[in-house]
Amino acid sequence: MNQYLLETSLNDLPIGVIEYHDKVGSTNDLAVELSKNDAPDLSLIVANEQTKGRGRSGRTWFTPPDSALAFSLVMDPGVIKNQEDLSRITGLGALAVCEGLKDGYDLYAEIKWPNDVLLNRKKVCGVLAEAHWTGNSPETLILGIGINIAPDSVPPSEHLNFPAISVEEIVGKKVDRISLLKAIIIKIILWKEKVWQPEFINTWIKYLAYMDDTVQILSNDTATIEGKVIGLDESGRLILRLPNSQDIIIHAGEILMRPLIDR
Ligand code: BT5
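Everything numeric in this text was worked out from a predicted model, so none of it was measured. (Residues numbered from 1 in each chain as written. Predicted model: local features only at pLDDT ≥ 70, side-chain atom pairs only at ≥ 80, totals over all residues. Heavy atoms only, no water.)

J.: Describe the overall build of the protein, naming the residues involved and giving the relevant values.
T.: Within the protein, the secondary structure is distributed over 6 helices and 12 strands. By its C-alpha atoms, the protein is 60 × 45 × 30 Å across when sized along the principal axes. Burial analysis of the protein (263 residues in total) assigns 54% to the buried set. In the protein, 64% of the contacts between residues at least 6 apart in sequence involve partners at least 24 apart. Accessible surface, the protein as shown: approximately 11,800 Å² in total, 49% of it carbon and sulfur. Here the protein contributes 26 positively and 36 negatively charged side chains, and the mean placements of these two sets differ by 4 Å. (Helix = DSSP H or I, 4+ residues; strand = E, 2+ residues; numbered from the N terminus. Buried < 20%, exposed > 50% of the residue type's maximum accessible area, 1.4 Å probe, protein only. Contact = heavy atoms within 4.5 Å. Areas by Shrake-Rupley, 256 points an atom, 1.4 Å probe, with all protein chains shown as cover. Lys, Arg positive; Asp, Glu negative; His and termini not counted. Charge placed at Lys NZ, Arg CZ, Asp CG, Glu CD.)

Here you go:
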């Protein structure tokens, strides 16, 4: 992967500036800078390696060289009005990855709400949507996506809070990072116009992992909650059915979801 290959492969897409980097801290940080410098919507930062790749709540996202896809897109901040809307942008990223994997490799990926994409019930991708606010107005909106492509991109299990896998381990052959990136960006372009429409939420639900299964929701703020995954509400929040049949809404916040019984 290099700047020239990226530019020539993506030149027919309506995106903004394209920047390739061999090694960065976090592509999300570079995208924020780009955005503050008035880069157009859908400007793209891609890195071959990240030394400070981030997950949620300061967790680490591993991106060793030559084996992963790590990229961030500058999005129009006007599409969100508050912090809660960010989960919709996370959903946009996760859905685009699922559809990109389906179109490109006939893989059926699932979304472990709120921000993980699973293959064979193992994490293959993490999505990190971040916004910076001036008062109540979003100033920047960044959609960051990390995907394990080659087996070398999967961190050792002691660094993981959930089992992980790479795309190549599933497809059994080499996967071209730029082709997959392109397939995903095409889906982001398609869905970003529709994130406020029911069709978007309905399609997101189709990819939800653990539908009708019992899961545990772990959070710093509340005790562990156990319930069945029922779907998403019209805002993309998780609907969980408690053992007493009451349905509750889970906000993305800083939750972790775990299957109670792994199938
Ligand atoms: C995420 O956070 O899954 C969001 C990851 C977003 C990464 C992209 S890469 C491009 C852009 N630039 C960035 O700096 N970030 C974004 P979270 O749900 O908090 O999961 C983090 C947890 O996933 C870690 O604590 C590990 O347990 C696990 N993990 C770390 N690296 C992994 C990998 N390569 N594959 C699978 N799991 C991983």
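J.: Could you give me a rundown of the side chain of Glu 99, with the residues and numbers involved?
T.: Tracing the backbone through its elements, the reader meets Glu 99 in helix H3 (residues 86-105). According to the relative accessible area criterion, Glu 99 is buried, its value standing at 11%. Here the side chain of Glu 99 touches Trp 191 through a polar contact of 2.8 Å, side chain to side chain. When residues no more than four places from it in sequence are discounted, the contact partners of Glu 99 are Lys 187, Trp 191, Thr 203 and Tyr 207. (Polar contact = N/O pair within 3.5 Å; in protein donor to acceptor, adjacent residues only side chain to side chain.)

J.: Describe in detail the packing of H3 against helix H5 (residues 177-192), supporting the description with residues and values.
T.: At a minimum axis distance of 8 Å, the contact between H3 and H5 shows a crossing angle of 130 degrees. Judged by the inter-axis angle, H3 sits oblique to H5. Considering how the two elements wind past one another, H3 and H5 form a crossing that is right-handed. In contact with Leu 92, Leu 95, Ala 96, Val 97, Glu 99, Gly 100, Leu 101, Asp 103 and Tyr 105 of H3, H5 contributes Leu 180, Ala 183, Ile 184, Lys 187, Ile 188, Trp 191 and Lys 192. Here the contact of H3 with H5 is composed, by residue class, of 11 nonpolar, 1 polar and 4 charged. (Axes fitted to C-alpha atoms, helices over the stretch in contact; angles between N-to-C directions. Parallel < 35°, antiparallel > 145°, perpendicular 65-115°, else oblique. Left-handed = near helix turned anticlockwise from the far one by under 90°. Nonpolar A, V, L, I, M, F, W, Y, C, P; charged D, E, K, R; others polar.)

J.: Kindly report on the pattern of salt bridges, identifying the contributing residues and their values.
T.: Taken as a whole and judged by the stated rule, the model has 16 salt bridges. We note a salt bridge from Lys 192 to Asp 41, for which the minimum N-O separation is 3.4 Å. Remark: Asp 41 occurs in the loop between helix H2 (27-36) and strand S2 (44-47) and Lys 192 occurs in helix H5; sequence separation between them is 151 residues. Residue classification places Asp 41 among the partly exposed positions, given a relative accessible area of 32%. Residue Arg 237 is joined to Asp 233 by a salt bridge in which the shortest nitrogen-to-oxygen separation is 2.8 Å. Look at the salt bridges and you will find they share partners, linking Asp 29, Arg 54 and Glu 130 into a network. (Salt bridge = Lys/Arg side-chain N within 4 Å of Asp/Glu carboxyl O.)

J.: Explain the sheet that holds strand S10 (residues 238-241) residue by residue, including any values.
T.: Sheet architecture is open: 5 strands sit in the order S11-S10-S9-S8-S12, paired in antiparallel fashion. Where the open sheet ends on each side, the last strands, each with one partner, are strand S11 (247-250) and strand S12 (256-259). Neighbouring strand axes in the sheet, compared pairwise and without regard to direction, differ in orientation by 45 degrees on average. In terms of strand pairing, S10 meets S11 through 4 bridges, oriented antiparallel. What sits directly across from Leu 238, in S11, is Ile 250. (Pairing = 2+ DSSP bridges.)

Treat this as a map of the structure, not an account of what it does.
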